[in-house]
Amino acid sequence: MAKRFSTLGRYPTTRLRRNRREAWSRRLVAEHKLSVDDLIWPVFVQEGKSARTPVESMPGVDRLSVDLLVEAVKQARDLGIPAVALFPETDPKSKTPDGREAYNPGNLVCRAITAVKKAVPDIGVVCDVALDPFNSDGHDGIVRDGYVQNDETLEALIKQAIVQTEAGADIQAPSDMMDGRIGAIRQALDGKGFIHAQIMSYAAKYASAFYNPFRDAIGSSGVLTGDKKTYQMDYANSDEALREVGFDIEEGADMVMVKPGMPYLDIVRQVVDAFAMPTFAFQVSGEYAMLMAAAQNGWLEEERAILESLGSFKRAGCAGVITYFAPRAARLLGA
């Protein structure tokens with residue numbers, strides 16, 4: 001056998017399985033390693049006290065009142081999770097066509113930010129900047145004559161970013177996909193003296209079929225009129241994503257994001273290669289729901305699927321992942 005396959009550098013001289021034979025060896029040669037430091041946990045907040053409402057389309061995910069949110073964030077901190085991202089379910093009575101509740105300093109998300117930072121000051125708080133939780137049309141911007149208006153929306157987003165930063169949020173994460181919003185928000189924050197406030201731009205956000213459970217969670221699925229294809233990206237495009245990311249970096253983004261996650265790992269890799277910028281991905285609600293549904297039906301091994309899916313983001317080049325699996329993954333990684 002050795003004589004038959006004697007070419008140097010090939011089998012049997014080279015056996016790639018040698019490094020895979022033992023667990024300790026596999027650990028030594030692992031190219032990419034997922035850790036709890038890579039995780040951001042998205043959490044839904046609702047009105048009330050001691051209130052917990054399951055999100056039916058996201059098994060294991062609940063909307064939490066502010067008091068329960070604080071306790072959940074304490075647990076996340078204790079697990080070593082560096083940051084949480086807050087998303088509010090806004091009372092329908094507070095939703096208007098101009099989304100003005102987004103920049104009400106006393107709104108639900110601002111109260112949640114303040115409570116979390118007071119109780120758990122050593123965890124990062126990321127806040128979405130977009131109007132969809134507050135807009136009676138369910139869109140990320142202000143709708144006029146059936147079209148989401150870019151420049152008018154920017155004025156609302158600026159106000160939203162300011163009140164959220166004043167409430168104590170560490171990172172503003174514009175997810176609206178309006179042109180010019182990163183530069184406008186950066187200039188406004190700097191003008192208010194918030195020169196250390198970070199911006200994580202949803203720089204390449206696609207008009208995706210994977211967002212529906214999220215819309216259930218924030219209460220916008222029943223009110224959304226039309227779709228978001230006039231401002232979120234076409235899934236057919238990748239070169240355009242690089243242009244979007246490049247513009248946002250020029251305008252002052254500190255970090256960039258690709259959304260959704262697993263169906264767009266090719267975009268993550270291209271962004272990392274092109275810009276060497278801290279790049280994140282959002283493992284969105286639809287991705288979570290698919291994995292959980294398959295696991296609950298016995299079609300996937302849940303724990304293995306969680307870690308494998310998150311590992312794919314690191315392999316693609318992500319600095320971190322926003323994932324609903326964050327507490328579960330942190331426990332598995334610490335096991």
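Preceding this paragraph is the structure being described.
Bear in mind the structure is a predicted one, so any value in this text is a computation, not a measurement.

A. Layout of a positive patch on the surface. On the surface, a cluster of positive charge is contributed by Arg-15, Arg-17, Arg-18 and Arg-20. Here Arg-15 lies in the segment before helix H1 (23–29). Look at Arg-15 and you get partly exposed, because its relative accessible area is 40%.

B. Representation of the packing of aromatic side chains within the structure. A complete count under the given rule lists 10 aromatic pairs for this structure. Both rings, one in Tyr-288 and one in Phe-325, keep their centres 4.6 Å apart while their planes meet at 45°; by these two values the pair is tilted. Of this pair, Tyr-288 sits in helix H9 (residues 285–296) while Phe-325 is found in the loop between strand S12 (320–323) and helix H11 (326–334), placing the two residues 37 residues apart along the sequence. Across this residue pair, the class does not change: Tyr-288 and Phe-325 are buried. The rings of Phe-44, Phe-87, Tyr-202, Phe-214, Phe-282, Tyr-288, Tyr-324 and Phe-325 are connected pair by pair, giving a single aromatic cluster. The ring of Tyr-103 is capped by Lys-159, whose NZ or CZ atom sits 4.8 Å from the centre of that ring. Note that Lys-259 overlies the ring of Phe-282, its terminal NZ or CZ placed 4.7 Å from the centroid.

C. Inspection of the packing of helix H2 (residues 66–78) against helix H3 (residues 108–119) at higher detail. Taken N-terminus to C-terminus, the directions of H2 and H3 make an angle of 40°; their axes are 9 Å apart at the nearest point. Classed by the angle they form, the pair H2 and H3 counts as oblique. Every pair of crossing elements has a handedness; the one defined by H2 and H3 is right-handed. Note on element contacts: H3 touches H2 through Leu-108, Arg-111, Ala-112, Ala-115, Val-116 and Ala-119, opposite Val-66, Leu-69, Val-70, Val-73 and Lys-74. Here the residues of the contact of H2 with H3 are counted per class, giving nine nonpolar, no polar and two charged.

D. The arrangement of the nonpolar core in detail. The biggest cluster of nonpolar side chains holds 107 residues, and the ones touching the most others in it are Phe-44, Leu-69, Leu-86 and Met-200. In terms of residue count, the dominant contributor to this core is helix H4 (residues 150–167) (eight residues). Among all residues touching Phe-44, those that are not within four sequence positions of it are Met-58, Val-61, Asp-62, Arg-63, Leu-64, Phe-87, Phe-214, Ala-217, Ile-218 and Tyr-324.

E. Region of the structure containing the pairing of strand S11 (residues 279–283). S11 sits mainly inside the fold: five of its five residues count as buried. Burial of S11 is two-sided: the residues Thr-279, Ala-281 and Gln-283 facing one way and the residues Phe-280 and Phe-282 facing the other way are all buried. Pairing of strand S10 (residues 255–259) with S11 involves three bridges; the strand directions are parallel. Bridge pairing links Val-258 to Ala-281 in S11. Following the chain from S10 across helix H8 (residues 265–275) to the adjacent parallel S11, one finds a crossover that is right-handed. Sheet topology note: the S11/S12 ladder contains four bridges and is parallel.

F. How the structure looks around a nonpolar patch on the surface. A cluster of nonpolar residues, Trp-24, Leu-28 and Val-29, forms a patch on the protein surface that exposes about 360 Å² of accessible area. One can find Val-29 in helix H1. Take Val-29: its relative accessible area is 43%, and that puts it in the partly exposed class.

G. Structural detail: the pattern of salt bridges. The full count for this structure, using the stated rule, is 22 salt bridges. Here Asp-132 ties to Lys-228 by a salt bridge, and the two come within 3.8 Å at their closest N and O atoms. Highlighted residues: Asp-132 in the loop between strand S5 (124–129) and strand S6 (142–144) and Lys-228 in the loop between helix H6 (212–218) and helix H7 (239–251), separated in sequence by 96 residues. Owing to a relative accessible area of 6%, Asp-132 belongs among the buried residues under this scheme. One salt bridge in this structure joins Arg-269 and Asp-273, with 2.9 Å as the shortest N-O distance. On the criterion of helical spacing, the pair formed by Arg-269 and Asp-273 is a turn pair, its members being four residues apart in helix H8.

H. Region of interest: empty space enclosed by the protein. Counted under the stated rule, the structure contains two cavities of 30 Å³ or more. Lining of the largest cavity is provided by 13 residues; of these, Asp-132, Lys-205, Phe-214, Lys-228 and Lys-259 occupy positions nearest its centre. Of all elements in the fold, only strand S9 (198–205) and H6 reach the threshold of two or more residues within the lining of the largest cavity. Residues that form the lining of the largest cavity fall into these classes: five nonpolar, two polar and six charged. What lines the second largest cavity is Leu-86, Pro-88, Val-109, Asp-128, Ala-130, Phe-134, Gln-160 and Gln-164. Elements with a contribution of two residues or more to the lining of the second largest cavity: strand S4 (83–88) and H4. When its residues are assigned to classes, the lining of the second largest cavity shows five nonpolar, two polar and one charged.

I. Broad picture of the pairing of strand S1 (residues 39–46). Of all eight residues in S1, eight are buried; the element is thus mostly enclosed. Side chains Leu-39, Trp-41, Val-43 and Val-45 project from S1 onto one buried face, and the interleaved Ile-40, Pro-42, Phe-44 and Gln-46 project onto a second face that is buried too. Here S1 pairs with S12 via two bridges, running parallel. By the bridge assignment for S12, Leu-39 is matched with Val-321. In terms of strand pairing, S1 meets S4 through six bridges, oriented parallel. Each bridged residue has a counterpart across the sheet, and for Val-45 the counterpart in S4 is Pro-88. Pairing of S1 with strand S3 (residues 62–65), which is carried by three bridges, proceeds in the parallel orientation.

What counts and how
Residues numbered from 1 in each chain as written. Predicted model: local features only at pLDDT ≥ 70, side-chain atom pairs only at ≥ 80, totals over all residues. Heavy atoms only, no water. Patch = residues over 30% accessible without salt bridge, like charges linked within 9 Å, V, L, I, M, F, W, Y side chains within 5 Å. Areas by Shrake-Rupley, 256 points an atom, 1.4 Å probe, with all protein chains shown as cover. Salt bridge = Lys/Arg side-chain N within 4 Å of Asp/Glu carboxyl O. Lys, Arg positive; Asp, Glu negative; His and termini not counted. Charge placed at Lys NZ, Arg CZ, Asp CG, Glu CD. Helix = DSSP H or I, 4+ residues; strand = E, 2+ residues; numbered from the N terminus. Buried < 20%, exposed > 50% of the residue type's maximum accessible area, 1.4 Å probe, protein only. Phe/Tyr/Trp six-rings, centres within 6.5 Å; stacked < 30°, edge-to-face > 60°. Lys NZ or Arg CZ within 6 Å of the ring centre and 35° of its normal. Axes fitted to C-alpha atoms, helices over the stretch in contact; angles between N-to-C directions. Parallel < 35°, antiparallel > 145°, perpendicular 65-115°, else oblique. Left-handed = near helix turned anticlockwise from the far one by under 90°. Contact = heavy atoms within 4.5 Å. Nonpolar A, V, L, I, M, F, W, Y, C, P; charged D, E, K, R; others polar. Core = buried A, V, L, I, M, F, W, Y, C linked by side-chain atoms within 4.5 Å. Pairing = 2+ DSSP bridges. Right-handed = clockwise from strand over helix to strand, strands pointing away. 1 Å grid on protein atoms, 1.4 Å probe; cavity = no way out; pocket = protein on both sides within 12 Å on 5 of 7 lines; lining within 4 Å. Points joined across faces, edges and corners; volume = space filled by probe spheres on them.

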